[in-house]
Amino acid sequence: MEERPFSDITYEQYLKEERLMGSRCKECDARFVPPRSICVKCFSSDMEWLELKGKGRLAAFTCITIAPPFMIAQGYNRKNPYISGVVELAEGGRVDARIEGLDPNKPEEIKVGIPLKVKYLHTEVGAKKETYLAFEPL
Ligand SMILES: [Zn+2]
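Values in this document were obtained by computation on a predicted structure and should not be read as measured data.

Let's talk about the overall build of the chain
Line of reasoning, step 1. Check the secondary structure of the chain and you find two helices and eight strands.
Line of reasoning, step 2. Order of helices (α) and strands (β) in the chain, N terminus to C terminus: α-β-β-β-β-α-β-β-β-β.
Line of reasoning, step 3. Based on the C-alpha atoms only, the size of the chain along its principal axes is roughly 45 × 35 × 25 Å.
Line of reasoning, step 4. Taken across its 138 residues, the chain has 38% of its residues classed as buried.
Line of reasoning, step 5. Contacts in the chain between residues far apart in sequence, at least 24 positions, make up 50% of those at least 6 positions apart.
Line of reasoning, step 6. In the form shown here, the chain has an accessible surface area of approximately 8100 Å², with 51% of it arising from carbon and sulfur atoms.

Written out as structure tokens, the structure is:
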């Protein structure tokens, strides 16, 4: 069915197409987002693509005030922080993503466990087009 390799590059290509793709281990049913070509649980390399619906729950988060350069380029800094989170996906597996629609200046009001849905952030910094995975409250 899907012939693309299980790699971060493929994962990012899919994000550009607004598809959230991971891999599923056919041996033990473990799920990985971004996709892995080898299962870290049972070491099988018998993997298949899994398209995720983009629903999940907030498992953990951090409000980032000291941003890496690519985020500073997008206008984030100490005065304009952003939220980086881990989302527990409805189909299983966990993914790192930006969290939008919540106030990074009020981390005490952000609750772990809230339902989220996927959002694709298409950005253009200079001539470079990137798509970032984000989630926002349902
Ligand atoms: Zn496995």
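Observations regarding the pairing of strand S8 (residues 128-137)
Line of reasoning, step 1. Examined bridge by bridge, strand S6 (residues 94-99) and S8 share two bridges and lie parallel to one another. For Arg-98, the partnering residue across the bridge sits in S8 and is Ala-134.
Line of reasoning, step 2. Following strand S7 (residues 115-125), the chain reverses through two residues before pairing antiparallel with S8; Gly-126 in that reversal takes a positive phi of roughly 65°.

Some points on the sheet that holds strand S3 (residues 47-52)
Line of reasoning, step 1. Taken in spatial order, the three strands make up an open sheet running S2-S1-S3, and their pairing is antiparallel. The open sheet has two free edges, formed respectively by strand S2 (31-32) and S3, since each of these has just one partner strand.
Line of reasoning, step 2. Sheet topology places strand S1 (residues 20-25) next to S3; six bridges connect them, and they run antiparallel. Among the inter-strand pairings, Ser-23 is bridged to a residue of S3, identified as Trp-49.
Line of reasoning, step 3. In this fold helix H1 (residues 8-16) packs onto S1 and S3, with an angle of close to 140° to the strand it touches most, S1.

Notes on the side chain of Thr-131
Line of reasoning, step 1. Relative to the assigned elements, Thr-131 resides in strand S8.
Line of reasoning, step 2. Look at Thr-131 and you get buried, because its relative accessible area is 8%.
Line of reasoning, step 3. Reaching out from Thr-131, the side chain makes a polar contact with the side chain of His-122 at a distance of 2.9 Å.
Line of reasoning, step 4. The contact partners of Thr-131, leaving out residues within four places of it in the chain, are Leu-15, Lys-16, Tyr-120, Leu-121 and His-122.

Considerations on the coordination of the zinc ion
Line of reasoning, step 1. Protein-derived ligands of the zinc ion are Cys-25 (SG), Cys-28 (SG), Cys-39 (SG) and Cys-42 (SG), with the metal-ligand distances lying across 2.3 Å.
Line of reasoning, step 2. What the four donor atoms of the zinc ion show is an angle range of 103 to 115° at the metal, which sorts the shape as tetrahedral.
Line of reasoning, step 3. If you list the donors of the zinc ion from N- to C-terminus, the spacing comes out as C-x2-C-x10-C-x2-C.
Line of reasoning, step 4. Taking relative accessible area as the criterion, Cys-25 reaches 0% and is therefore assigned buried.
Line of reasoning, step 5. Judged by its relative accessible area of 34%, Cys-28 is partly exposed.

Re the environment of Val-125
Line of reasoning, step 1. Tracing the backbone through its elements, the reader meets Val-125 in strand S7.
Line of reasoning, step 2. Here the alpha-carbon distance between Val-125 and Ala-73, two residues 52 residues apart in the chain, equals 7.0 Å.
Line of reasoning, step 3. Setting aside chain neighbours within four positions, we find Val-125 in contact with Ala-73 and Gln-74.

What to know about the pairing of S7
Line of reasoning, step 1. As judged from the three bridges shared by strand S4 (residues 55-64) and S7, these two strands associate in the antiparallel manner. Looking at S7, one finds that Gly-56 is bridged to Leu-116.
Line of reasoning, step 2. Bridge analysis of S7 against S8 gives ten bridges, and the strand direction is antiparallel. Residue pairing in the sheet places Lys-117 in a bridge with Glu-136 of S8.

Definitions and cut-offs
- Residues numbered from 1 in each chain as written.
- Predicted model: local features only at pLDDT ≥ 70, side-chain atom pairs only at ≥ 80, totals over all residues.
- Heavy atoms only, no water.
- Helix = DSSP H or I, 4+ residues; strand = E, 2+ residues; numbered from the N terminus.
- Buried < 20%, exposed > 50% of the residue type's maximum accessible area, 1.4 Å probe, protein only.
- Contact = heavy atoms within 4.5 Å.
- Areas by Shrake-Rupley, 256 points an atom, 1.4 Å probe, with all protein chains shown as cover.
- Pairing = 2+ DSSP bridges.
- Axes fitted to C-alpha atoms, helices over the stretch in contact; angles between N-to-C directions.
- Polar contact = N/O pair within 3.5 Å; in protein donor to acceptor, adjacent residues only side chain to side chain.
- Donors = N, O, S within 2.8 Å, 3.2 Å for Na, K, Ca; no water.
- Tetrahedral: all angles 85-135°; square planar, octahedral: opposite > 155°, others 65-115°.

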